[in-house]
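# Secondary and tertiary structure notes
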2 protein chains.
Amino acid sequence: MVEQKNDLMEKIVSLCKRRGFVFPGSEIYGGLAGTWDYGPYGVALKKNIKDIWWKMFVTDRDDMYGMDAAIIMNPKTWVASGHVEGFQDPLVECKKCHHRFRADQVDLSRCPDCGGEFGEMRQFNMMFKTHIGATEDASSVCYLRPETAGGMFVNFKNILDSVHPKLPFGMAQIGKAFRNEIAPRDFVFRSREFEQMEVEYFIDPKDWESQFEVWEKVRMNWCLEIGLPENKIHIREHEKSELSHYSKRTTDIEFDFPFGQKELYGLAYRTDFDLKAHAAESGVDLSYFDEETKERFVPHVIEPSVGVDRTVLAILSSAYTEDEMDGEKRTYLKLSPKIAPIKCAVFPLLKNKPELVAKSREVFEMLRKEFACEFDDNGNIGKRYRRQEEIGTPFCVTVDFDTIEKDAGVTVRDRDSGQQTRMPISELVGFVKSKI
Amino acid sequence: MVEQKNDLMEKIVSLCKRRGFVFPGSEIYGGLAGTWDYGPYGVALKKNIKDIWWKMFVTDRDDMYGMDAAIIMNPKTWVASGHVEGFQDPLVECKKCHHRFRADQVDLSRCPDCGGEFGEMRQFNMMFKTHIGATEDASSVCYLRPETAGGMFVNFKNILDSVHPKLPFGMAQIGKAFRNEIAPRDFVFRSREFEQMEVEYFIDPKDWESQFEVWEKVRMNWCLEIGLPENKIHIREHEKSELSHYSKRTTDIEFDFPFGQKELYGLAYRTDFDLKAHAAESGVDLSYFDEETKERFVPHVIEPSVGVDRTVLAILSSAYTEDEMDGEKRTYLKLSPKIAPIKCAVFPLLKNKPELVAKSREVFEMLRKEFACEFDDNGNIGKRYRRQEEIGTPFCVTVDFDTIEKDAGVTVRDRDSGQQTRMPISELVGFVKSKI
């Protein structure tokens with residue numbers, strides 16, 4: 001079973017590289033552990049995911065304010081949040097082969113790589129450290145943000161002062177975060193550089209239970225909107241014992257990845273821990289004045305957190321499908337048309353017939369104005385179908401002789417069933433749009 | 001004159017903070033020099049700019065491939081590109097007050113801050129350095145990318161192998177880059193963390209002159225598309241003496257910023273310098289095989305480079321306008337409707353009339369499905385106009401008593417002229433769409 005699942009991961013990683021979704025970071029230089037470079041279809045998939053999130057969580061709502069804070073922040077941010085003190089993993093090093101491991105992930109009796117003895121365990125802070133300005137000493141140390149959240153708490157007052165929102169309201173941000181993982185693993189699941197989509201939703205503390213439930217529903221709607229299969233989604237309530245000291249409730253969405261059921265998203269009620277900590281560290285008042293009740297208080301916060309890369313992996317791994325068609329094995333990505341990088345591909349049946357090529361270019365130019373399309377006249381038609389199936393294109397349109405000689409429309413092939421139907425050219429835009 | 005211009009910059013910076021475009025980075029902690037946090041309208045403006053760029057340079061073209069490479073790359077990338085060796089500024093430090101300056105930007109006889117004597121000049125590498133993995137020694141040094149270009153050259157072969165493009169073709173990427181500037185200045189013009197939109201366009205070397213001209217036109221179309229005023233745009237040809245050793249031609253677009261005519265965009269013909277350097281450093285063949293001529297060669301490259309933050313500043317500083325209306329001074333942003341964060345605001349004439357509020361909510365819900373809108377019922381109507389003018393909203397729609405009592409449509413107010421016209425509600429979507 002484990003064999004089989006690792007096999008599936010290998011197939012996904014291989015398809016991602018072969019078809020231009022995701023490449024190992026800096027690959028020609030032998031790579032750089034825990035970094036990944038997104039190629040054309042990976043970028044398109046990520047952009048679709050991010051655009052849907054931004055629309056659903058920011059522009060379609062009246063109570064949300066977008067942000068884009070710097071990755072390098074004043075280091076006091078991470079003192080206040082507790083990351084400088086506590087964002088660390090236990091590390092052990094083998095005395096013989098000098099390989100390093102997370103102490104909580106290995107049997108500490110002997111090194112699994114060479115059987116050598118481990119040295120003493122030490123705490124290793126996972127923030128990437130750098131120096132800002134021209135001196136390299138303690139006074140110039142900065143960190144790459146380990147999460148986007150800090151950029152929002154630090155700007156809470158700026159939002160109050162510039163857009164004057166009323167509670168409840170949220171701040172939202174999409175951006176890169178960095179963690180110097182001792183053991184990056186599982187493709188883009190645990191990497192050293194990743195992208196987050198986070199909301200900090202500020203509330204009156206008396207409403208926290210009802211607000212938490214609303215956010216659980218919003219989160220589930222998000223999962224379904226991007227086409228994650230419901231039967232692979234599991235909600236896990238954190239036990240009292242595993243809650244952070246500041247959190248009163250956290251529920252994760254776990255997902256059936258090929259390597260097991262693992263955390264995909266988190267939803268945490270963080271009380272007023274963050275605003276109070278930043279107010280204390282900065283000396284700036286981060287309270288809110290309620291015009292109606294004339295009360296002043298520090299809002300509490302609910303944080304729905306989404307990882308872009310884990311979302312990509314959840315989508316790809318549940319979309320990866322192998323079946324047989326016309327006696328041949330095939331591989332395809334059963335992506336929801338909403339998030340598929342290419343919605344529709346257009347082919348001339350034959351490349352060497354100028355009238356077919358001209359007509360199919362015309363159809364292509366019409367469709368591309370409406371959604372992401374590709375034109376392909378390379379190789380035989382079966383090969384072109386295989387290629388589009390592997391990048392998850394839901395529809396392939398072929399211009400054939402009947403199209404131009406009998407004005408008989410085009411064929412539209414469905415990715416999943418392989419079925420072809422003839423359709424007038426004038427109906428194409430409406431048909432594809434109804435699916436996305 | 002200089003006074004006046006600095007005054008204009010101060011006004012722009014102040015408006016950006018007051019209205020939620022751009023805040024000083026980590027402001028509650030006293031800031032962090034050279035970093036800026038984008039607020040709700042700044043993010044919306046940036047997203048519009050980036051989306052237009054992506055559409056114009058990637059999805060609307062058949063010959064472009066999007067990428068999103070990691071910010072932390074294998075350090076050999078920056079050895080090959082010459083950044084480890086040569087990406088440095090001359091630095092001097094005052095012996096008395098210890099302030100640091102770029103040696104090429106100050107009179108070296110005496111410190112301008114305290115009159116003290118300068119120590120010896122030294123070279124300062126502007127790449128931010130960090131360590132990856134659990135050890136901090138020379139073997140684990142990595143850099144934050146100083147430009148996005150490296151991520152594309154390093155993936156050139158991956159693109160050849162996965163999407164099999166034919167020359168000429170380009171790779172395109174939007175992402176953060178980092179430079180540890182000694183003297184960050186001029187708001188978001190020269191910051192330590194910024195966002196780039198770069199294309200590496202690979203060509204047959206015999207075509208370089210004609211391709212360069214095509215890209216000059218594409219670049220000018222871009223400037224006009226986002227509404228930069230033509231009379232502030234200057235094309236500057238680099239002199240032979242200032243060309244990098246690998247570049248045969250570079251033209252900048254300079255722009256009339258409030259602090260002078262400065263570089264906005266670059267367009268460089270970089271020959272085969274980059275691919276050859278990465279091939280030599282990595283030992284990987286980065287040549288291209290032309291199926292038609294059966295020739296194998298290393299493509300040359302033309303690089304049009306766009307800074308997102310400088311674009312934001314060029315747009316804001318040319319849009320900032322003060323005039324007088326109805327005997328009152330007002331400030332507004334004359335943004336092109338295409339890039340304005342909010343396209344249309346909807347108001348009920350009075351907040352305390354439920355029928356006005358209900359009708360205006362209805363109009364708002366209809367419009368927001370089509371483009372970015374805001375609903376505002378806060379304060380008197382004049383105050384609401386002022387606010388929308390300051391964030392550059394081109395149209396304000398007001399629902400008044402005639403709307404509901406006489407079915408007389410709504411008033412649409414033009415930001416620049418202040419003129420109001422009545423319009424049937426059914427025509428609103430079409431009207432605004434025709435402007436954006």
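The shown structure was predicted, so the numbers you read here are calculated from the model rather than taken from an experiment.

### Overview of unusual backbone geometry
If a residue is not glycine, its phi is most likely negative; likewise, a peptide bond is most likely trans. All names here are of chain A. Cis geometry marks the peptide bond from Leu 167 to Pro 168; its omega dihedral reads -10°. Along the chain, Pro 168 falls in the loop between α6 (156-163) and β10 (169-178). For Lys 294, which is not a glycine, the phi torsion comes out positive at approximately 60°. Within the secondary structure layout, Lys 294 lies in the loop between β15 (288-290) and β16 (295-297). Overall, the relative accessible area of 54% leaves Lys 294 in the exposed class.

### Regarding the nonpolar core
With 191 residues, the main nonpolar core has Trp 222 of chain A together with Trp 222 of chain B as its most contacted residues. What Trp 222 of chain B contacts, discounting residues up to four positions off in sequence, is Ile 49, Ile 52, Trp 53, Met 56, Phe 57, Met 197, Tyr 265, Val 306 and Thr 311 of chain B.

### Section: the sheet that holds strand β8 (residues 129-131) of chain B
Residue and element names in this part refer to chain B. Pairing within the open sheet is antiparallel, and its three strands lie in the order β4-β9-β8. Only two strands of the sheet have a single neighbouring strand rather than two, namely β4 (72-73) and β8. As paired strands, β4 and strand β9 (residues 141-144) are joined by two bridges and run antiparallel to one another. Across the sheet, Ile 72 pairs through a bridge with Leu 144, a residue of β9.

### Things to note about the side chain of Asp 63 of chain A
Residues and elements named next belong to chain A. With respect to the helices and strands, Asp 63 occurs in the loop between α2 (40-59) and β3 (64-67). Asp 63 sits in the buried class, given a relative accessible area of 17%. One polar contact links Asp 63 to Tyr 201, side chain to side chain, over a distance of 2.7 Å. With residues up to four places along the chain from it excluded, the contact list for Asp 63 reads Pro 168, Phe 169, Gly 170 and Tyr 201.

### A word on the relation of the copies chain B and chain A
The two copies are related by a screw motion: chain B maps onto chain A through a turn of 180° and a shift of 0.0 Å along the axis, at an RMSD of 0.0 Å. Here the transformation between the copies is reduced to the relation of a two-fold axis. Ranked by how close their C-alpha atoms come to the rotation axis, the residues of chain B are headed by Thr 130 of chain B, at 2.5 Å. Counting the interface residues of chain B, we find that 100% of their copies in chain A are interface residues as well, pointing to one common contact surface.

### Quick notes on the packing of helix α2 (residues 40-59) of chain B against helix α9 (residues 308-319) of chain B
The relative placement of two packed helices comes down to the angle between their axes together with the axis-to-axis distance. Residues and elements named next belong to chain B. Where α2 contacts α9, the two axes come as close as 10 Å, and the packing angle between them is 110°. On the basis of their axis angle, the class for α2 and α9 is roughly perpendicular. The way α2 lies across α9 gives a crossing that is right-handed. Contacts from Leu 45, Lys 46, Ile 49 and Lys 50 in α2 reach Val 308, Thr 311, Val 312, Ile 315 and Leu 316 in α9.

### Concerning the interface of chain B and chain A
Taken together, the contacts link 79 residues of chain B with 79 residues of chain A. A buried area of about 6300 Å², summed over both sides, lies between chain B and chain A, and 54% of it is on carbon and sulfur atoms. When the area that chain B buries against chain A is broken down by residue, the three leading residues are Ile 28, Tyr 29 and Asp 68 of chain B, summing to 13%. Counting every contact that joins chain B to chain A gives ten salt bridges. When the shortest N-O distance is used, the salt bridge between Lys 129 of chain A and Glu 136 of chain B registers 3.7 Å.

Conventions used here
- Residues numbered from 1 in each chain as written.
- Chains lettered and ligands numbered in written order.
- Predicted model: local features only at pLDDT ≥ 70, side-chain atom pairs only at ≥ 80, totals over all residues.
- Heavy atoms only, no water.
- Helix = DSSP H or I, 4+ residues; strand = E, 2+ residues; numbered from the N terminus.
- Buried < 20%, exposed > 50% of the residue type's maximum accessible area, 1.4 Å probe, protein only.
- Core = buried A, V, L, I, M, F, W, Y, C linked by side-chain atoms within 4.5 Å.
- Contact = heavy atoms within 4.5 Å.
- Pairing = 2+ DSSP bridges.
- Polar contact = N/O pair within 3.5 Å; in protein donor to acceptor, adjacent residues only side chain to side chain.
- Least-squares fit on C-alpha atoms with pLDDT ≥ 70 in both.
- Axes fitted to C-alpha atoms, helices over the stretch in contact; angles between N-to-C directions.
- Parallel < 35°, antiparallel > 145°, perpendicular 65-115°, else oblique.
- Left-handed = near helix turned anticlockwise from the far one by under 90°.
- Buried area = accessible area lost by both parts, 1.4 Å probe.
- Salt bridge = Lys/Arg side-chain N within 4 Å of Asp/Glu carboxyl O.

Everything listed here is a matter of geometry and, on its own, says nothing about what the molecule does.
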